[in-house]
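# Structural characterization, general
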Amino acid sequence: MIKKVAVLGSGGWGTAVALAALRCGLDVTVWSAFKEEIDNILAAGENPLLKGIKLPKELKFTSSLDCVKDCDMCVVAVPSFAIDEVCGKLAGVIDSSVIIVSISKGFDKVNCERLSQVIERYLPENPIVVLSGPSHAEEVALAIPTALVSASKDEAAAVMVRECLSTDKLRIYSSQDIIGVELGGAIKNVIALCAGICDGMGLGDNTKAALLTRGLREIARLGVAMGARKDTFTGLSGMGDLIVTCTSMHSRNRRAGILIGKGNSISDTISQVGTVEGYHAAGLVNKLAEKYGVSMPICKSCYKICYENGNPNEEIMKLMSRPNIHEDEGVSWWSVASEEE
Ligand SMILES: NC(=O)c1ccc[n+]([C@@H]2O[C@H](COP(=O)([O-])OP(=O)(O)OC[C@H]3O[C@@H](n4cnc5c(N)ncnc54)[C@H](O)[C@@H]3O)[C@@H](O)[C@H]2O)c1
């Protein structure tokens, strides 16, 4: 039975999920490694990243990691680059029965691991659940109807998270495909960056639709090669998350892409927007595509723009002038080895 929840990370998403947990009657404490962040939230009575949303006094905030000592569920909500450091602090402190719920999206920057693999490295005994899907923090915080997927190798843990966080505003489906659910959430940020670039360049709806459709194929192709189930990518954490991220101004990745598409440098863009998971993911997806021998031309173009000073116009020209093929070339579009795209 889950009663006490610790949320690690007091950013927009951590706070939004903390509010969702509070609506379920749970006892919730949000932690930040940065005391100043907590002081600012408490002084303002709101999170500056969720402007205008008053925080109820029942929602507790702390900069002491003691909050994980007696919790039943620990939600990890820091950016991908901080997961390793934060999980290092949990090892030996948190009880092995505590369910760890990863709501971050991205990859470990050193060895391209999925984030749940990083968590597992530090906390091998704990049940680990990935909660993902189409979800802007701003909307979850306002209790706008949202649907997510709770995935774990441990089915009972996935169901437990599903049951304890579901309300009539937040519908959660469970899944055993933690690999697929996690990869959909991590790689769609690369496609969202591309969607923003197209928007910044003033390209059209046709371009965006083509990008999303072919981008999803690339995500699925790599996902299947890494052990995911193909159907997961047509679900909430695949297609669902791709749609929401590529079409909304809430998405930092898309906003960053718009700036790049308008001619801003990568470094200026990142300093204006803040955490851009798609930028980090573009580099790591490029490595994974090479490792698994999977063709990912859109992600490759994104990599070139982000890391090799590639020109967006030229990259789009290259993508559009590739050899013509059947849409479902190969045995099936999920088949990795037979596809030449
Ligand atoms: N914002 C959303 O709508 C949303 C939705 C779904 C998933 N996500 C994912 O959730 C994660 C967090 O996103 P966010 O929007 O809340 O980010 P954010 O930048 O708003 O907040 C990040 C939090 O992590 C903390 N942090 C940063 N570096 C740290 C470190 N080295 N050690 C400890 N804490 C550190 C920050 O202090 C902050 O509290 C990302 O992986 C993002 O992709 C975000």
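What comes next is a walk through the structure.

Reading the values: rules and limits
Residues numbered from 1 in each chain as written. Predicted model: local features only at pLDDT ≥ 70, side-chain atom pairs only at ≥ 80, totals over all residues. Heavy atoms only, no water. Near = heavy atom within 4 Å. Polar contact = N/O pair within 3.5 Å; in protein donor to acceptor, adjacent residues only side chain to side chain. Areas by Shrake-Rupley, 256 points an atom, 1.4 Å probe, with all protein chains shown as cover. Helix = DSSP H or I, 4+ residues; strand = E, 2+ residues; numbered from the N terminus. Nonpolar A, V, L, I, M, F, W, Y, C, P; charged D, E, K, R; others polar. Buried < 20%, exposed > 50% of the residue type's maximum accessible area, 1.4 Å probe, protein only. Salt bridge = Lys/Arg side-chain N within 4 Å of Asp/Glu carboxyl O. Core = buried A, V, L, I, M, F, W, Y, C linked by side-chain atoms within 4.5 Å. Domains from an automatic or database assignment. Contact = heavy atoms within 4.5 Å.

### Side note on the site of the ligand
Near the ligand you find 27 residues, and of these Ser10, Trp13, Glu37, Ala137 and Glu277 are the closest. Taking Ala137, its main chain carries an N or O atom lying 2.8 Å from an oxygen atom of the ligand. Look at the ligand: alone it shows 830 Å² of surface, and the protein chains cover 85% of it. Elements with a contribution of two residues or more to the shell around the ligand: helix 1 (12-23) and helix 3 (80-90). Here the shell around the ligand takes four residues from helix 3, the largest share from any one element. Taken together, the residues of the shell around the ligand break down into twelve nonpolar, ten polar and five charged.

### A few points about unusual backbone geometry
Phi at Ala143 takes a positive value of approximately 60°, unusual for a residue other than glycine. Here Ala143 is to be found in the loop between helix 5 (137-141) and strand 7 (146-151). Residue Ala143 is classed as buried on the basis of its relative accessible area of 18%. Phi is positive for Asn309, close to 60°, though the residue is something other than glycine. Examined against the element boundaries, Asn309 turns out to sit in the loop between helix 13 (297-307) and helix 14 (312-320).

### Focus: the pattern of salt bridges
Overall, the coordinates contain 19 salt bridges when judged by the stated rule. Of the charged contacts in the structure, one is a salt bridge between Lys4 and Asp70, with a shortest N-O distance of 2.9 Å. Of this pair, Lys4 sits in strand 1 (residues 4-8) while Asp70 is found in the loop between strand 3 (60-62) and strand 4 (73-76), placing the two residues 66 residues apart along the sequence. Its relative accessible area of 45% is what places Asp70 among the partly exposed residues. Lys69 is the partner of Asp66 in a salt bridge, and the nearest nitrogen-oxygen pair spans 3.0 Å.

### Considerations on the nonpolar core
In terms of nonpolar packing, the biggest core is built from 50 residues, with Phe107, Ile187, Ile191, Leu222, Val285 and Met296 touching the most fellow members. Going through the elements one at a time, strand 7, helix 7 (178-200), helix 8 (205-225), helix 9 (236-247), helix 10 (252-261), helix 11 (266-273), helix 12 (277-292) and helix 13 are the ones with two or more residues in this core. Broken down by element, the residue count for this core peaks at 14 residues, all from helix 7. Of the residues that make up this core, three or more belong to each of domain 1 (4-176) and domain 2 (187-320). Those residues in contact with Val285, other than ones at most four positions away along the chain, are Phe107, Ile187, Val190, Leu222, Met296 and Cys299. By size, the runner-up hydrophobic cluster in this structure holds 39 residues, among which are Val7, Ala20, Leu50 and Leu170.

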